[in-house]
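# A closer look at the structure
Here are the chains, one letter per residue:
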Amino acid sequence: MIIDKLENLLKEVFNECGYNVNEVRVIKSNRPDLCDYQCDDVFKLAKEYHKNPIEIGEAIVEKINAVENFDEYFTKVEFVRPGFINMTVSDTFINTFIKMMGSDIKKIVNIPDKKETFVLDFGGANVAKPLHVGHMRTILVGESVARIIRFFGHKTITDVHLGDYGLQIGQVIYGVLRDNIDINDIDIKYLDKIYPEMSKLCKEDESVKEECATITKKLQDGDELYTKYWKKILEVSVKDIKKNYDYLGAHFNYWYGESDSYKYLDELESILRDKNLLTESEGALVVNVSKDDDKKEVPPLLFKKSNGAFLYASTDLATILQRKKDFNPDHILYVVDLRQGLHFEQVFRTCDLSGIMPYDKLEHLAYGTVNGEDGKPYKTRNGDNPKLEGLFDSAKEIFISKKESNKDMSSEDVDKIINSILKFADLQNSREKDYIFDLNKFSEVSGKTGPYILYTYLRINKILKDEGSSPAFSNKIYNKADRDLRIKMLDYVDMVKLAFDERKPHYVAEYVYNLCTLCNVFYQTNHISTLDDMQNKYDWLFVLEIANNITKEMLYLLGIDIPSVM
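Here is a short report on the structure shown in this document. (Residues numbered from 1 in each chain as written. Predicted model: local features only at pLDDT ≥ 70, side-chain atom pairs only at ≥ 80, totals over all residues. Heavy atoms only, no water.)

### Focus on the sheet that holds strand β4 (residues 84–89)
The line we're drawing: Following DSSP output, two strands are said to pair if at least two bridges run between them. Every helix listed is a DSSP run of H or I at least four residues long, and every strand listed is a run of E at least two residues long, numbered separately from the N terminus. Here, residues are in contact when the closest pair of their heavy atoms is within 4.5 Å. Only the stretch in contact is used when a helix axis is fitted, and all axes are lines through C-alpha atoms; the angle between N-to-C directions ranges over 0 to 180 degrees.
Taken together, four strands build an open sheet; the order of strands is β1-β2-β4-β3 and the sheet is antiparallel. Across the chains shown, the open sheet's two edge strands, defined by having one partner strand only, are β1 (27–28) and β3 (74–80). Inspection of the sheet shows β3 paired to β4 by six bridges, in the antiparallel sense. Bridge pairing in β4 places V77 opposite M87. Strands in contact with helix α1 (residues 2–16) are β1, β2 (37–39), β3 and β4; relative to β2, the strand with the most contacts, it is inclined by about 40°.

### Digging into the pattern of salt bridges
This is how it is decided: For salt bridges, the criterion is a side-chain nitrogen of Lys or Arg within 4 Å of an Asp or Glu carboxyl oxygen. Note on exposure labels: buried denotes an accessible area under 20% of the residue type's maximum, exposed denotes more than 50%, and partly exposed covers the range between, all computed with a 1.4 Å probe on protein chains only.
Counted according to the given criterion, the structure contains 40 salt bridges. K76 is the partner of E78 in a salt bridge, and the nearest nitrogen-oxygen pair spans 3.9 Å. Using a relative accessible area of 31% as the deciding quantity, one classes E78 as partly exposed. With a relative accessible area of 40%, K76 lands in the partly exposed category. Here D482 ties to R486 by a salt bridge, and the two come within 2.6 Å at their closest N and O atoms. Here D482 pairs with R486, and both are found in helix α18 (residues 480–490), just four residues apart, close to one helical turn. On the basis of relative accessibility, which here comes to 0%, the residue R486 falls in the buried class. Here the residues in one salt-bridge network are R178, D179, K193 and E197, joined through shared partners.

### Topic: the sheet that holds strand β5 (residues 117–121)
A sheet is described by the order of its strands in space; here four strands give the open sequence β6-β5-β10-β11, paired in parallel fashion. Every interior strand has two partners, whereas the edge strands, β6 (155–159) and β11 (362–367), have only one. This sheet shows a mean twist of 20° between the axes of neighbouring strands, independent of strand direction. Across six bridges, strand β10 (residues 331–337) lies against β11 in parallel orientation.

### What to know about the environment of M136
The topology assignment puts M136 in helix α6 (residues 136–151). Note: C-alpha distance between M136 and L248 (112 residues apart in sequence) is 8.7 Å. Contact partners of M136, with chain neighbours within four places excluded, come to L248, L388, L391, L422, Y435 and F437.

### Digging into the nonpolar core
Note the cut-off: Take the buried residues of types Ala, Val, Leu, Ile, Met, Phe, Trp, Tyr and Cys, join any two whose side-chain atoms come within 4.5 Å, and each joined set is a nonpolar core.
By size, the foremost hydrophobic cluster in this structure holds 185 residues, and its most contacted members are F437 and Y492. Of the residues forming this core, the biggest block, eleven residues, is contributed by helix α21 (residues 534–557). When sequence neighbours within four positions are dropped, the list of residues in contact with F437 reads M136, V370, N371, Y378, L391, L422, A425 and F442.

### Notes on helix α9 (residues 206–220)
Note: α-helices contain 3.6 residues per turn, so residues at a spacing of three or four share the same orientation. Condition: How far a helix is expected to stretch is found by multiplying one less than its residue total by 1.5 Å.
Helix length check: α9 (15 residues) gives 21 Å between terminal C-alpha atoms against 21 Å at 1.5 Å per residue, within 8%. Taken together, the buried positions of α9 are V208, C212, I215, T216, K217, L219 and Q220. Among the structural elements, α7 (167–179), α8 (188–204) and α10 (224–247) are those in contact with the buried residues of α9. Looking one or two residues beyond α9, the residue adopting positive phi is G222, at roughly 100°.

### Quick notes on the packing of aromatic side chains
This is how it is decided: Stacked, tilted and edge-to-face are the three classes applied to pairs of Phe, Tyr and Trp rings, where Trp contributes its six-membered ring and a pair requires centres within 6.5 Å; stacked means planes under 30 degrees apart, edge-to-face means over 60, and tilted covers the rest. Two conditions define a charge located above a ring, namely a distance within 6 Å from the ring centre to NZ of Lys or CZ of Arg, and an angle within 35 degrees of the ring normal.
Tallying each qualifying case throughout the model produces 30 aromatic pairs. A centroid spacing of 5.4 Å and a plane angle of 80° characterise the contact between F43 and F84, whose relative ring orientation is edge-to-face. A residue pair is termed long-range when its members are at least 10 positions apart, and F43 in helix α2 (residues 41–49) and F84 in strand β4 qualify at 41 residues. With relative accessibility at 33%, the residue F43 sits in the partly exposed group. F84 sits in the partly exposed class, given a relative accessible area of 25%. An aromatic cluster is present here, built from F70, Y73, F74, F93 and F97 joined pairwise through their rings. Taking the ring centre of Y37 as reference, the NZ or CZ of K28 above it sits at 5.6 Å. The residue whose ring lies beneath K242 is W255, and the NZ or CZ to ring-centre distance is 4.9 Å.

The structure is reproduced here in structure tokens:
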């Protein structure tokens with residue numbers, strides 16, 4: 001809304017100057033010492049009208065400076081060679097939007113008229129396997145993206161989509177039968193032990209691997225005994241997964257698994273056959289998805305193995321068919337490891353070719369790895385992938401050791417702070433990038449951390465409680481720290497929109513950190529409690545209250561709850 005207002009004004013001026021434009025692009029300046037906003041459309045006009053950009057720019061700026069209500073928008077507009085229009089907005093302009101946010105910070109947000117439905121597929125743990133640190137990013141990114149989408153009024157349908165029918169199930173059932181374990185004695189401790197053991201054995205003994213694959217195929221074909229064991233394994237594993245995901249505040253509308261897609265496979269195969277997409281290759285059925293303009297090879301999608309077994313690609317396609325039937329979504333988003341890029345490219349192309357759902361409505365929100373200080377995927381000291389629950393415990397130990405008073409905090413507050421440590425550490429990074437995970441660093445109350453954001457919010461909240469609310473608000477801005485904070489408050493709209501457009505929560509994390517930094521500068525510069533000028537005090541309380549409301553909303557979008565104390 002803020003940039004829209006500037007763009008509309010400039011559009012009018014451009015047209016008055018004889019340049020027929022449908023839209024003008026204004027951006028936030030990356031040199032706040034020079035101006036607040038900038039427009040470089042002069043270059044585009046110069047090319048289109050075959051004129052000197054300096055001549056165009058100077059004429060446009062002269063016209064802007066002659067606008068009757070100039071002061072409502074600007075304190076200064078100047079042309080900077082070779083083709084930039086630099087704009088410094090007025091206190092009146094800034095405060096117009098600050099006032100609007102007084103009752104509801106979303107009053108300055110452009111909520112789209114058309115509401116769309118997004119299915120988000122994230123979580124996606126394989127049952128029977130212990131959750132480890134590598135499972136954390138899909139949860140944190142997926143939950144945050146869902147919240148950002150809902151911020152703009154769209155509908156989200158979230159599905160954890162568990163891997164519950166793959167080879168790991170056959171491996172665990174093999175181990176259960178080998179160990180002669182009573183079905184009622186299968187618990188999470190046993191699963192944590194048997195899966196790694198069987199996985200290792202399959203790598204060492206091809207005959208065991210083949211037997212596990214046979215068990216998996218028979219399970220998928222409905223074998224009664226294996227189905228009984230599968231249901232027990234699923235029950236135990238899902239209970240543990242839910243406990244960990246609940247701790248991280250991830251909420252799902254559906255707890256479907258790969259097994260739920262099997263009822264759609266026959267229909268899917270018929271669709272692919274009707275479209276003449278299935279080709280036989282060495283006894284298997286494949287779909288050729290390569291394109292003439294591919295810069296690197298995209299191999300065929302393997303739909304069905306020669307033994308009749310289906311694969312992940314088959315069940316992912318069947319799941320899209322199910323979602324289309326059940327939800328008719330506008331978009332389906334997959335928050336899955338970057339390394340699965342080729343898999344999703346094959347699935348999305350097949351989906352598009354079959355007419356089930358267009359390619360551009362399917363998105364793979366890829367994420368990188370959580371690495372240790374050595375730059376390699378995060379491991380425990382003995383070289384294992386650390387269990388997720390163990391990571392929570394480690395984070396608690398480190399945080400509590402930071403300060404004596406932390407030992408007296410309630411478990412609820414500690415858990416909220418631990419969540420802020422883990423979530424902000426992850427979400428401050430662009431999701432497709434790997435990052436170094438340093439629990440000690442991320443647990444500090446200073447620096448770019450979750451606890452720093454929470455501490456800032458609680459500090460400002462205490463001022464508001466001590467001083468009371470503001471009964472009146474003027475148009476005055478009192479000093480640089482005041483102005484810097486107010487104009488940063490307006491930026492949140494563009495940052496959340498960017499996070500939505502690119503499905504990247506790090507824009508929100510970066511913004512709220514910068515906002516809190518300016519809140520602290522404001523706090524250190526302006527001493528509200530000692531002010532004699534009551535209008536000044538009221539204005540600053542009004543500003544701080546809105547700043548905290550924005551901070552709270554940004555923390556919510558990151559999935560971070562606020563504790564009662566720090």
